[in-house]
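# Structural characterization, general
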Amino acid sequence: MARLPFSNDIRTLRFLAGEMTQAELGERVGVTRQTIAAIEQGKYSPSLEVAFRIARTFGKPLEQVFGWDEEGR
Amino acid sequence: MSFREKIHWVTLVTMIAAFGWYFLAYPWGIAASPAGLWASAGMLLPVTVAIIIAMTIASAWMAIRTPAEANLKEDERDRSIHYRGTHYAYYPLVVGVWVSIFALFWNAGPAVQLNLLLAAVVLAELMRIGVQLYLYRRGWHG
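What comes next concerns the included structure.

Conventions used here
Residues numbered from 1 in each chain as written. Chains lettered and ligands numbered in written order. Predicted model: local features only at pLDDT ≥ 70, side-chain atom pairs only at ≥ 80, totals over all residues. Heavy atoms only, no water. Patch = residues over 30% accessible without salt bridge, like charges linked within 9 Å, V, L, I, M, F, W, Y side chains within 5 Å. Areas by Shrake-Rupley, 256 points an atom, 1.4 Å probe, with all protein chains shown as cover. Salt bridge = Lys/Arg side-chain N within 4 Å of Asp/Glu carboxyl O. Helix = DSSP H or I, 4+ residues; strand = E, 2+ residues; numbered from the N terminus. 1 Å grid on protein atoms, 1.4 Å probe; cavity = no way out; pocket = protein on both sides within 12 Å on 5 of 7 lines; lining within 4 Å. Points joined across faces, edges and corners; volume = space filled by probe spheres on them. Nonpolar A, V, L, I, M, F, W, Y, C, P; charged D, E, K, R; others polar. Contact = heavy atoms within 4.5 Å.

The next thing to look at is a nonpolar patch on the surface. All names here are of chain B. Nonpolar side chains collect at one region of the surface, where L93, V97, W98, I101, F102, L104, F105, W106, L117 and V121 lie side by side and expose about 1100 Å² of accessible area between them. Elements supplying a minimum of two residues to the nonpolar patch: α4 (76–105) and α5 (110–138). Here the nonpolar patch gets seven residues from one element, more than from any other, and that element is α4. As for its position among the elements, W106 is in the loop between α4 and α5.

Across all of its chains, the model carries one cavity of 30 Å³ or more by this definition. Together, T32 and Q34 of chain A together with S2, F3, R4, E69, L72, R77, D78 and Y136 of chain B line the largest cavity. Put simply, the parts of the chain that give the lining of the largest cavity at least two residues each are α1 (3–25) and α4 of chain B. Looking at the lining of the largest cavity residue by residue, the class counts come to three nonpolar, three polar and four charged.

Let us now look at the side chain of T11 of chain B. With respect to the helices and strands, T11 of chain B occurs in helix α1. Non-local contacts of T11 of chain B, meaning those with residues more than four positions away in its chain, are made with M55 and I129 of chain B.

What follows covers the layout of surface pockets. Quantified by volume, the largest pocket comes out at close to 380 Å³. G26, G30, V31 and T32 of chain A together with L72 of chain B are the residues nearest the centre of the largest pocket, which is lined by 20 residues in total. Classifying every residue of the lining of the largest pocket gives five nonpolar, five polar and 10 charged. Space inside the second largest pocket adds up to approximately 200 Å³. Taken together, 13 residues make up the lining of the second largest pocket; nearest its centre are Q34 of chain A together with R77, Y136, R137 and G139 of chain B. Every element with two or more residues in the lining of the second largest pocket is listed here: α3 (33–40) of chain A together with α5 of chain B. At four residues, α3 of chain A tops the list of elements feeding residues into the lining of the second largest pocket. Class assignment for the residues of the lining of the second largest pocket results in four nonpolar, four polar and five charged.

Below, the structure is given as structure tokens:
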């Protein structure tokens, strides 16, 4: 399976947010726990709206949550 | 496994069992006669009822066990998976319709045509559900 060309720090940010669960994050963002897991594992690229919602949940700008991964291109 | 994925598995197993029985038990010897059409009608009735009952019971049972998941709305990944499955289901459906059109010119009886179209619909549904389950398992919408 081809890797997506970007990475994310959602796992770390969840940890720093008091071990927020994938289900809690999914509920705040408006997606299922499975979708958060897929995004975290780099298997699913979220829409811009969901990406912004995730970043806003952690109070971070988008580029601190998602990053372009040159090796993954 | 999400609620939607479980529902897809139930649908897949139910359809294979119900239509597997239909196509295996159908009296192909009388397919060319008018009686073949009535045989189809008579067999499709229990198939449809069995699918509706099995899906209703399975959905209700799973919804009772995991009410929170059952009430979740379809999200963007679910929708992407749904669209991709429907896209791939289009191909067996088109092939089935073309085969049915050619069968018309070979003087295939109405029961044969009905079964060809039915097979196309069943294959398309199996393709749709199969692709969706594959994508749910893989985690990525493709």
